[in-house]
Amino acid sequence: RITGPIPASASPGDPSRDYPFFTTSDLAAKHDYVEEEYFVEGHAALYRRDGEVTATVDTAGPYPYQTRVLVRRPRSPERFNGTVILEWINVVPIRQWDYETDWNLTNEHLMRRGFVHVGASVGRLGIHTPTGLRAWNPARYGSLDLTAGGTLWNDELSVAIFAQIARALKLPSGTSLTGALRVRNVIATGQSASSVQLQRYYNSI
């Protein structure tokens, strides 16, 4: 289930923090892009995987989750090139908050060429830590949960959640993350620890 766009009642820097974490809405607007935040929730399988052999599915699942995505898309459908860059948002253990490495390094190119960029928060450290989303703004992000109610603490659901988000982009049902835009291709991307997760996903699942 997709909920949103989640409204923002304040500008970046406001003490209420009622806006998306690490918003770049001003930058997007300069390129005639729209930035929107959505909540995604459902039930995810738990894959037993090591990145070298075919994963197996834990029969005790699936497990409930709720997370958020940040979508940047062209305001005009005519500018969309048909491809979504889906970034597994990186969480550096020493910082323990979301950082969209690919978006921050390539956003001008992506917007000039008409890509949609979607940043997906699928790492526990970006949500369930003293510097994570839930602590940063409990009113906005307090319902987010990647631990199945505190029972899973090692990102066991992350790959299934990421795959569900990719599927929702390609085959929307109900609320679409890209509005009226028709998606032809979804390219998964991630840096550092996120790239390791994607490598294991590709090799095992």
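Before any of the text, the structure's been laid out above.
All values derive from a computational prediction rather than experimental measurement.

1. As for the sheet that holds strand β9 (residues 116-120)
- The six strands are arranged β1-β2-β5-β9-β6-β10 in an open sheet whose pairing can be described as mixed. Each of the sheet's edge strands pairs with one partner strand only, and the pair in question is β1 (2-3) and β10 (185-189).
- Sheet topology note: the strand β6 (residues 83-88)/β10 ladder contains five bridges and is parallel. Looking at the pairing, Val84 lines up with Val186 of β10.
- Across the sheet, helix α5 (residues 158-170) is in contact with β1, β2 (33-44), β5 (63-74), β6, β9 and β10; its angle to β6 comes to roughly 165°.

2. Focus on the environment of Trp103
- Along the chain, the position of Trp103 falls in helix α2 (residues 101-112).
- Setting aside residues no more than four positions away along its own chain, Trp103 makes contact with Thr24, Arg72, Glu87, Leu110, Met111 and His117.
- Within the local environment of Trp103, its side chain forms a polar contact with the side chain of Thr24, the two groups lying 3.1 Å apart.

3. Digging into the packing of α5 against helix α6 (residues 193-204)
- Axis separation between α5 and α6 bottoms out at 11 Å; the angle between their running directions is 80°. Here α5 lies roughly perpendicular to α6, going by the angle between them. On α6, the residues that touch Ser158, Val159, Phe162 and Ala163 of α5 are Gln197, Leu198 and Tyr201.
- Split by residue class, the contact of α5 with α6 holds five nonpolar, two polar and no charged.

4. What about the nonpolar core?
- Ranked by size, the top nonpolar core spans 43 residues in total, and within it Val69, Leu86, Val118, Leu157, Ile161, Ile165 and Leu177 carry the most contacts.
- Of all the elements, α5 adds the most residues to this core, at eight residues.
- Contact partners of Leu177, with chain neighbours within four places excluded, come to Ile2, Tyr38, Val69, Val71, Ile165 and Leu169.
- Counting seven residues, the second-largest nonpolar core is a separate cluster that includes Tyr33, Trp103, Leu110 and Met111.

5. A closer look at the pattern of salt bridges
- Overall, the coordinates contain 11 salt bridges when judged by the stated rule.
- Here Glu37 makes a salt bridge to Arg140, at a shortest N to O gap of 2.7 Å. In this pair, Glu37 is assigned in strand β2 and Arg140 in helix α4 (residues 138-141), connecting sequence segments 103 residues apart.
- Given a relative accessible area of 1%, Glu37 falls into the buried group.

6. With respect to the pairing of β5
- Of all 12 residues in β5, 11 are buried, a share of seventy percent or more.
- Here β2 runs beside β5; their pairing, made up of 12 bridges, is antiparallel. In the sheet register, Ala44 faces β5, and the bridge partner there is Tyr63.
- Strand direction decides the pairing type here: β5 and β9, joined by four bridges, are antiparallel.

What counts and how
Residues numbered from 1 in each chain as written. Predicted model: local features only at pLDDT ≥ 70, side-chain atom pairs only at ≥ 80, totals over all residues. Heavy atoms only, no water. Pairing = 2+ DSSP bridges. Helix = DSSP H or I, 4+ residues; strand = E, 2+ residues; numbered from the N terminus. Contact = heavy atoms within 4.5 Å. Axes fitted to C-alpha atoms, helices over the stretch in contact; angles between N-to-C directions. Polar contact = N/O pair within 3.5 Å; in protein donor to acceptor, adjacent residues only side chain to side chain. Parallel < 35°, antiparallel > 145°, perpendicular 65-115°, else oblique. Nonpolar A, V, L, I, M, F, W, Y, C, P; charged D, E, K, R; others polar. Core = buried A, V, L, I, M, F, W, Y, C linked by side-chain atoms within 4.5 Å. Buried < 20%, exposed > 50% of the residue type's maximum accessible area, 1.4 Å probe, protein only. Salt bridge = Lys/Arg side-chain N within 4 Å of Asp/Glu carboxyl O.

Functional significance is not addressed by these values, which are geometric in nature.
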